[in-house]
Amino acid sequence: MGGAGDDAAVAPGRRAGGQATWVRAGDGGVRRGRAGPDDGRIAAAAAGVYALVAVVGVGYAGTQMFPLAMLPDTLADDARATGASRAGILTGVWTAGETVGLALGPFVVVSVVLGLSGYVSGSGDETMAQPSSALHAITWSMSLVPAACALLSIVFVLAHRPPDHGRTGHAGGGEQIGRGG
């Protein structure tokens, strides 16, 4: 902290204010016609942020789309095995589990990580000096911990049996499913 790179990143914010600098970084200062000496660096930083967001967005789309693409296979397998369609129950359990995970997961993970790091909480407008361990923990709780959880989820994804398209009678193979069919 406090190196030359930090000064270059903080200087525009000190001159123009945080909100104005954020807006200028978002549009590179070009669309508003406010080109200035720092706008090249701000535009380059904004382009880098946009590129990272695009890459992360593709990964996030995959983590949302592919499990949902496997859900119909699971529903079909269940219907074949039980003779009843329990799609509503299973998707309800899926949604409830996802909601609980999204609500409690970040709270629990961040609380544990920050608690172990020596984070100093404050209230109101007071600014608390944080130990470097807490600053690292904040970074880890937003990057490494979610990445580790995503890697751990691979174990569960690999347990999913993909459809075999009729070769051994998996429900994805086209046989009739359910009652009265």
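Residues numbered from 1 in each chain as written. Predicted model: local features only at pLDDT ≥ 70, side-chain atom pairs only at ≥ 80, totals over all residues. Heavy atoms only, no water.

1. Things to note about helix H4 (residues 87–117)
Across its 31 residues, H4 extends 43 Å between first and last C-alpha, which sits within 8% of the 45 Å expected from 1.5 Å per residue. Where H4 bends most, the angle comes to about 30°, and this point is Leu 104, followed within four residues by the proline Pro 106. Along H4, the residues classified as buried are Val 113, Leu 114 and Ser 117. Those residues of H4 hidden inside the fold are in contact with helix H5 (132–142) and helix H6 (144–158). Following H4 by one or two positions, Gly 118 adopts a phi angle in the positive range, close to 90°. (Helix = DSSP H or I, 4+ residues; strand = E, 2+ residues; numbered from the N terminus. Expected span 1.5 Å × (residues − 1). Bend = angle between axes of the 7 residues up to and from the residue. Buried < 20%, exposed > 50% of the residue type's maximum accessible area, 1.4 Å probe, protein only. Contact = heavy atoms within 4.5 Å.)

2. Here we look at the packing of H5 against H6
Where H5 contacts H6, the two axes come as close as 3 Å, and the packing angle between them is 35°. Touching Thr 139, Trp 140, Ser 141 and Met 142 of H5 are Leu 144, Val 145 and Pro 146, all from H6. (Axes fitted to C-alpha atoms, helices over the stretch in contact; angles between N-to-C directions.)

3. Observations regarding H5
By the burial criterion, the buried members of H5 are Ala 134, Ala 137 and Ser 141. Down the axis of H5, the sector holding all buried residues measures 55°, keeping them to one side. On its buried face, H5 sits against H4 and H6. (Arc of directions from axis to C-beta.)

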